[in-house]
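Working through the structure, step by step
For reference, the chains in residue letters:
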Amino acid sequence: MQVVSISSLKGGVGKTSVTLGLASAALAAGIPTLVIDLDPHADATTGLGVHPAGQLDIGHMIKGSRKADLAANVVPSGWLAAHKHDGAPLPVLDVAMGSAFSGIYDRPDLGRRDLRRLSTILANADRDGKAPYQLVLIDCPPSLNGLTRMAWTASSRVLLVAEPGLFSVAGTQRTLRAIELFRSEFAPALVPAGIVANRVRSGSNEHAYRLGEMKTMFGELLLSPTIPEQANWQQIQGAAHPIHQWPGDSAKNSSALFDKLLESVLTQGATRSRLYRG
Ligand SMILES: Nc1ncnc2c1ncn2[C@@H]1O[C@H](COP(=O)(O)OP(=O)(O)OP(=O)(O)O)[C@@H](O)[C@H]1O
Ligand SMILES: [Mg+2]
């Protein structure tokens, strides 16, 4: 089970959109996936179109982490209803729902025991390799407070999302430093899975300049492909639809980008794990 946090210090750069794009690519590839919505705003939960039937949200599971039953409280994504599986078994795409309640853990002073709460839930769910997931994507809130740190403690990789702008590039550098510090203190197995540049405008000189800067600064950590600014993005997300099932060429192009990005995240992360261990 590979656990990937999708993070950025800066808000609104596209963490949730990238999480949803990767979840859509994983669904299309038949990779059994769980999305954990750790942001109290619960945008990923909305985008994944869940219809809860009495399940606990992730905040309440975290509160009772030692006894939390992940399998009993995940909700299948509404995306599955429209998924064409041609008679094959329906793939797994579950959601651990977000809610404002998780906000009680988004404090800067969370202790070591609290930081381990999400890891405990995942470890209990995966005892004897029992969890049905190959991939776990954690959509983080835009801060370095308790929830993001809890997500990092439970993850082997952190995927950073950045827009190619001055403050976002500087924020990414700070986040990389924070990951490095966190790794040495709390999570020796944690490595950056890379940086995905989002909302790239192809005609923008500023974006081209910042992308060049990011390449120089971050080297192989800057993932390929980058994700362009897309006009119909909000419409697709508002309809709680996976990009892979949306009609039209532009959605098809985006789907192909997320397929590649998923592959990049999985393989680049593995390479970096080896590098860090070495
Ligand atoms: N590549 C893109 N093209 C067009 N619009 C985008 C793109 N990526 C994100 N957006 C839009 O930008 C807004 C912010 O994106 P998103 O919610 O994914 O960011 P976030 O980092 O998760 O934000 P937050 O920090 O609030 O959680 C959304 O309305 C989303 O639809
Ligand atoms: Mg978000």
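Rules of the game
- Residues numbered from 1 in each chain as written.
- Chains lettered and ligands numbered in written order.
- Predicted model: local features only at pLDDT ≥ 70, side-chain atom pairs only at ≥ 80, totals over all residues.
- Heavy atoms only, no water.
- Helix = DSSP H or I, 4+ residues; strand = E, 2+ residues; numbered from the N terminus.
- Salt bridge = Lys/Arg side-chain N within 4 Å of Asp/Glu carboxyl O.
- Buried < 20%, exposed > 50% of the residue type's maximum accessible area, 1.4 Å probe, protein only.
- Near = heavy atom within 4 Å.
- Polar contact = N/O pair within 3.5 Å; in protein donor to acceptor, adjacent residues only side chain to side chain.
- Areas by Shrake-Rupley, 256 points an atom, 1.4 Å probe, with all protein chains shown as cover.
- Nonpolar A, V, L, I, M, F, W, Y, C, P; charged D, E, K, R; others polar.
- Pairing = 2+ DSSP bridges.
- Contact = heavy atoms within 4.5 Å.
- Axes fitted to C-alpha atoms, helices over the stretch in contact; angles between N-to-C directions.
- Phe/Tyr/Trp six-rings, centres within 6.5 Å; stacked < 30°, edge-to-face > 60°.

The name an unreviewed UniProt entry assigns to the protein chain is ParA family protein, from the organism Arthrobacter wenxiniae.

**Looking at the environment of alanine 71**
Summarising the element assignment, alanine 71 is placed in helix α4 (residues 70–73). Along the chain, alanine 71 and histidine 244 lie 173 residues apart, while their C-alpha atoms are 26 Å from each other.

**Considerations on the pattern of salt bridges**
A complete count under the given rule lists seven salt bridges for this structure. Arginine 117 is the salt-bridge partner of aspartate 114, the closest N and O atoms lying 2.7 Å from each other. An identical accessibility class is assigned to aspartate 114 and arginine 117; each is buried. Among the charged side chains, a network of salt bridges with common partners joins Arg107, Asp109, Asp114 and Arg117.

**Focus on the site of ligand 1**
In the region of ligand 1, 18 residues are neighbours, and Lys15, Ser17, Arg199, Gln230 and Gln237 sit closest. Side-chain polar atom of arginine 199 to an oxygen atom of ligand 1: 2.7 Å apart, as the coordinates give it. A distance of 3.0 Å separates a nitrogen atom of ligand 1 from a polar atom in the backbone of proline 228. When isolated, ligand 1 has an accessible area of 630 Å², and the protein chains bury 85% of it. Listing elements by their share of the shell around ligand 1, those giving two or more residues are α1 (15–29) and α10 (233–238). Along the lines of polarity and charge, the residues of the shell around ligand 1 split into five nonpolar, nine polar and four charged.

**Points about the sheet that holds strand β3 (residues 75–76)**
Each strand in a sheet pairs with its neighbour through backbone hydrogen bonds, running either in the same direction (parallel) or in the opposite one (antiparallel). In space, the seven strands of this open sheet follow the order β3-β4-β2-β5-β1-β6-β7, with mixed pairing throughout. One side of each edge strand has no neighbouring strand; the edge strands of this open sheet are β3 and β7 (191–197). Taken strand by strand, helix α7 (residues 146–154) contacts β1 (2–7), β5 (135–139) and β6 (157–162), and its axis lies near 155° from that of β1.

**Let's talk about the packing of aromatic side chains**
Here the structure, examined in full by the defined rule, presents three aromatic pairs. Taking 5.7 Å as the distance between ring centres and 75° as the angle between the ring planes, the aromatic pair formed by tryptophan 152 and phenylalanine 182 counts as edge-to-face. With tryptophan 152 in helix α7 and phenylalanine 182 in helix α8 (residues 166–185), this pair connects stretches of sequence that are 30 residues apart. A residue is classified by how much of its surface remains accessible, and tryptophan 152, at 1% relative accessible area, is buried. Phenylalanine 182 sits in the buried class, given a relative accessible area of 2%. With a centroid separation of 4.9 Å and an interplanar angle of 35°, the aromatic rings of phenylalanine 182 and phenylalanine 186 are classed as tilted. Overall, phenylalanine 186 belongs to the partly exposed group, its relative accessible area being 23%. Every member of this aromatic cluster is reached through a ring pair, and the members are Trp152, Phe182 and Phe186.

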